[in-house]
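Structural characterization, general
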Amino acid sequence: MAFVTKIKWVVLSVISLSVVSIIIHLSFAKLWTVNLVPYRAIASLHDDFSSVVVRQGVKNKKLWGSIKSLESLQPSFDARSNYTGPKEKNNGFIYAKVFGGFANIRSSSFLFLLSLIWSLYLGILNATLVIPEFQESLRSKGVSPMFKSFSYLYDEEQFIAYLKKDVIIAKTLPGSLMERRKRNEFPTFRPKSSSSPNFYIQEILPKLKKSKVIGLIIANGGALQSVLPPTMAEIQRLRCRVSFQALQFRPEIQMLGHRMVNKLRSLGQPFLAYHPGLLRETLAYNGCAELFQDVHTELIQHRRAQMIKDKILNEDLNVDSHLRRDKGLCPLMPEEVGILLRVMGYPSKTIIYLAGSETFGGQRVLIPLRSMFINTLDRTSLCSEKELSDLVEPEPPLPQNIFRTPPSKSEEELKEEWKRAGPRPRPLPPPPNRPIYQHEKEGWYGWITETPTEPDPSPMDMRMKAHRLLWDALDYIVSLEADAFFPGYNNDGSGWPDFSSLVMGHRLHETASSRTYRPDRKVVAELFNMNRENLYHPKHNWTILVQEHLNKSMTEEGLIRQSRLSKPAMFLSHPLPECSCRVASASVANRVRGEDGQFLYGGEDLCPKWMQHASLSGSMGKEGVKSEDDGLPDYESNDFVDESESEKDGGKTDQTQVWDQDEEMDPND
């Protein structure tokens, strides 16, 4: 009994000591809380970049203003000299078939051809042009004829009416000639992108006079060289008239495109258009397969192997994609573009319109961009399914392509196979195959692991390619109207036409002072390599370098650099100086000539007096727009803005100003 009593006292003592220890520890903790730092979650990207912007001390009002050094450039593509109109009696007809996507059709593969025929026609070819046909691929069996017509994308009546003073245009060949064309009785030519005017004079003109009908097959951006002699400046102006005036989308496309722009404007904020440029063709041509993962790398390599086989590309199949990216040959990834825009000062709620009917890699590669900019929209965000289907118009039904499993064998057939199976004993038969679903036999996942050869596109694939022409047309309209445009990839001398180069050239022509970024991807790659370990926590010096480069890319310096690379490959990406005039010649700081001695910038003619007065009055009417450094506020309201913005203009840093969200900004500040 005494032993039990001792154990009770020991237990009670231990409990008492434990209670005393807890009380002491709690007392000390209460005394030390004044020195403890409360736990806080790791700052998000939004906060990180906000702190960078505040440290840099840059105004948040200058992300959307015009570029003052380019305001003197105005569109002017009228003929500078008089010439006689088309003659009713001519040498015959010229028809054309254009193969390729939206960029091919609208750029060299289409416009260079037309402008050449119309211009040389006046004194040399003298032919009637038949409205061209175009399609996405050389393999188009089973596709409705409506997808091949000019009117599927463009307005025929506008096209013919605008160019009636330049050329005689026929919608189709006469009936008798059409029958002969179907029997391939007329000679056809495949002009290259490097074809000179002499090719048409020496090769095509004699055949045209003899057969009265000539066919041209245009693929891979061919038709006529980009840079022409100064004596043929009128051809360059005609190219601009064709591209920017005569070639208008059909009314239904224009209405829906402008409706999309109005919806974006109704949000009350400026918006930036971004085209990723992540196309399988581009990635395969430049050897960028390793920038992706898994099956996407295999898909790019499949296409690259086919290019090598077709002699489109004369390189090895396997190349170092990271080295190619360092050379500026690969498109910028959406994550990289998002970081660049955040460093420039665009807040996380900036409205970004995602252009392009195809982004290779799908939504997975867009996740980082969408996480940085929550208001990233595309055509599906602005258009209902009915609006898009109405644009396509009724389509004939496609043939059913239902996958059928092998027919089951009867019991007698199974017995016969068992008897012919060889000596016994035999292993157990294999388990029955699982059912094969339809989706397992469609698309890349149905063939890439089974055969080394990519199958021909199905009728549905061809139909979707035709639809992409419409989606790209809508995105083209929105990109032209955007307050700023950022290309993920643009033509830099490779010779392949692309969406961004067309948009950049059109924006340069219509409003040269609009904010169009022209980043040098090689420089951008060097900047990212410098800060690869701290992309989401950039240092102050790194952000300064990025801002300096991107701001210079929008000014004369970036324009001249881009013109040296892009104009020799595609005139429409840099329609200067032939298709523009300058309000005041004294404001030209640089007159730059290319390797051939022709002006790339600064050689524009003086604008007419009425245009100079209109431009002057227009600039005076802009409240608050006095220079590149004094612009309208970025936003009229602060509904979407919850952080400071930044921009460096010409490398200058302004004094820090932080606005409270509840405080109204002064437009004249």
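Nothing here was measured: the structure is a model prediction, and the numbers come from that model.

What follows concerns the packing of helix H16 (residues 385-392) against helix H18 (residues 459-481). Where H16 meets H18, the closest approach of the two axes is 10 Å, and the angle between their N-to-C directions is 115 degrees. Seen from above, H16 lies across H18 with right-handed handedness. Where H16 approaches H18, its residues Leu-388, Leu-391 and Val-392 are matched on the opposing element by His-467, Leu-470, Trp-471 and Leu-474. Looking at the contact of H16 with H18, its residues break down into six nonpolar, one polar and no charged.

Scanning all chains against the criterion turns up nine aromatic pairs. An angle of 80 degrees between the planes, with centres 5.6 Å apart, marks the rings of Phe-292 and Phe-360 as edge-to-face. With Phe-292 in the loop between helix H10 (280-286) and helix H11 (294-309) and Phe-360 in the loop between strand S9 (351-354) and helix H14 (367-372), this residue pair connects regions lying 68 residues apart in the sequence. Pair check on accessibility: Phe-292 and Phe-360 agree, each one buried. A network of ring pairs unites the aromatic residues Phe-150, Tyr-154, Phe-159, Phe-249, Tyr-476 and Phe-499 as a single cluster. The cationic tip of Arg-250 hangs over the ring face of Tyr-152; the distance from NZ or CZ to the ring centre is 6.0 Å. Taking the ring centre of Phe-373 as reference, the NZ or CZ of Arg-342 above it sits at 5.7 Å.

A few words on the sheet that holds strand S12 (residues 515-516). Strand pairing in a sheet relies on backbone hydrogen bonds, with the paired strands running either antiparallel or parallel. Read across the sheet, five strands follow the order S10-S9-S8-S11-S12 without closing on themselves; strand pairing throughout is parallel. Here the strands that pair on one side only, and so sit at the sheet edges, are strand S10 (376-377) and S12. Summarising the sheet, strand S8 (residues 271-275) and S9 pair through four bridges and their orientation is parallel. Counterpart to Ala-273 in the pairing with S9 is Tyr-353.

In terms of nonpolar packing, the biggest core is built from 69 residues, with Phe-102, Leu-153, Leu-216, Phe-249 and Ile-253 touching the most fellow members. When residues of this core are assigned to domains, at least three fall in each of domain 1 (93-248) and domain 2 (249-277 + 331-394 + 457-580). When sequence neighbours within four positions are dropped, the list of residues in contact with Phe-102 reads Leu-153, Tyr-154, Phe-249, Leu-469, Asp-472, Ala-473, Tyr-476 and Phe-499. Judged by nonpolar contacts, the second largest core, of 57 residues, contains Val-365, Tyr-517, Phe-528 and Leu-550.

Of the residues in the protein chain, 71% reach a pLDDT of 70 or more, and the chain-wide mean stands at 75. Below a pLDDT of 50 lies the segment residues 118-122, which in the model reaches 26 contacts outside its immediate sequence neighbourhood of four places, other chains included. Within the model, pLDDT remains below 50 along residues 620-669, and this stretch shows 120 contacts once partners closer than five positions in the same chain are excluded.

What follows deals with the packing of H18 against helix H19 (residues 499-510). Look at H18 against H19: their axes get within 10 Å of each other, and the N-to-C directions meet at 40 degrees. Where H18 crosses over H19, the two elements pack in a sense that is right-handed. Only Phe-499, Leu-502, Val-503, His-506 and Arg-507 of H19 make contact with H18, whose side of the interface consists of Asp-472, Asp-475, Tyr-476, Ser-479 and Leu-480. Within the contact of H18 with H19, the residues separate by chemical class into five nonpolar, two polar and three charged.

Quick look at the environment of Leu-366 now. Here Leu-366 lies in the loop between S9 and H14. For the pair Leu-366 and Met-333, spaced 33 residues apart in the sequence, the C-alpha separation amounts to 8.6 Å. Setting aside anything within four residues of it in sequence, one finds Leu-366 in contact with Pro-334, Leu-354 and Thr-359.

Let us now look at unusual backbone geometry. Cis geometry is found at the peptide bond from Leu-576 to Pro-577, where omega equals -5 degrees. Turning to its location among the elements, Pro-577 is positioned in the loop between helix H22 (556-566) and strand S13 (580-582). Even without a glycine there, the phi angle at Asn-184 is positive, about 60 degrees. Positive phi, close to 70 degrees, is recorded for Lys-212, a residue that is not glycine. Relative to the helices and strands, Lys-212 resides in the loop between helix H7 (197-211) and strand S7 (213-218).

Counted at 1.5 Å a residue, the expected span for helix H8 (residues 233-246) with its 14 residues is 20 Å, and the 18 Å between its end C-alpha atoms agrees. For H8, the tally of buried residues reaches twelve of 14 residues, placing the bulk of the element in the interior. The complete set of buried residues in H8 reads Ala-233, Ile-235, Gln-236, Arg-237, Leu-238, Arg-239, Cys-240, Arg-241, Val-242, Ser-243, Phe-244 and Ala-246.

Here we come to the state of the cysteines. If you walk through the whole model with that rule in mind, you get three disulfides. With a sulfur-sulfur separation of 1.9 Å, Cys-240 is cross-linked through a disulfide to Cys-579. The sign of the 90 degrees torsion about the S-S bond sets the Cys-240-Cys-579 disulfide as right-handed. Within this pair, whereas Cys-240 is found in helix H8, its partner Cys-579 is found in the loop between H22 and S13, the two being separated by 339 residues in sequence. Residue Cys-240 is classed as buried on the basis of its relative accessible area of 0%. The partner cysteine of Cys-581 in its disulfide is Cys-607, sulfur to sulfur 2.0 Å. Because the sign of the S-S torsion sets the handedness, a value of about 95 degrees for the bond joining Cys-581 and Cys-607 places this disulfide among the right-handed ones. Of the two residues, Cys-581 is situated in strand S13 and Cys-607 in the loop between strand S16 (605-606) and helix H23 (609-620); the sequence distance between them amounts to 26 residues.

What counts and how
- Residues numbered from 1 in each chain as written.
- Predicted model: local features only at pLDDT ≥ 70, side-chain atom pairs only at ≥ 80, totals over all residues.
- Heavy atoms only, no water.
- Axes fitted to C-alpha atoms, helices over the stretch in contact; angles between N-to-C directions.
- Helix = DSSP H or I, 4+ residues; strand = E, 2+ residues; numbered from the N terminus.
- Left-handed = near helix turned anticlockwise from the far one by under 90°.
- Contact = heavy atoms within 4.5 Å.
- Nonpolar A, V, L, I, M, F, W, Y, C, P; charged D, E, K, R; others polar.
- Phe/Tyr/Trp six-rings, centres within 6.5 Å; stacked < 30°, edge-to-face > 60°.
- Buried < 20%, exposed > 50% of the residue type's maximum accessible area, 1.4 Å probe, protein only.
- Lys NZ or Arg CZ within 6 Å of the ring centre and 35° of its normal.
- Pairing = 2+ DSSP bridges.
- Core = buried A, V, L, I, M, F, W, Y, C linked by side-chain atoms within 4.5 Å.
- Domains from an automatic or database assignment.
- pLDDT = per-residue confidence, 0-100.
- Expected span 1.5 Å × (residues − 1).
- Disulfide = S-S within 2.5 Å.

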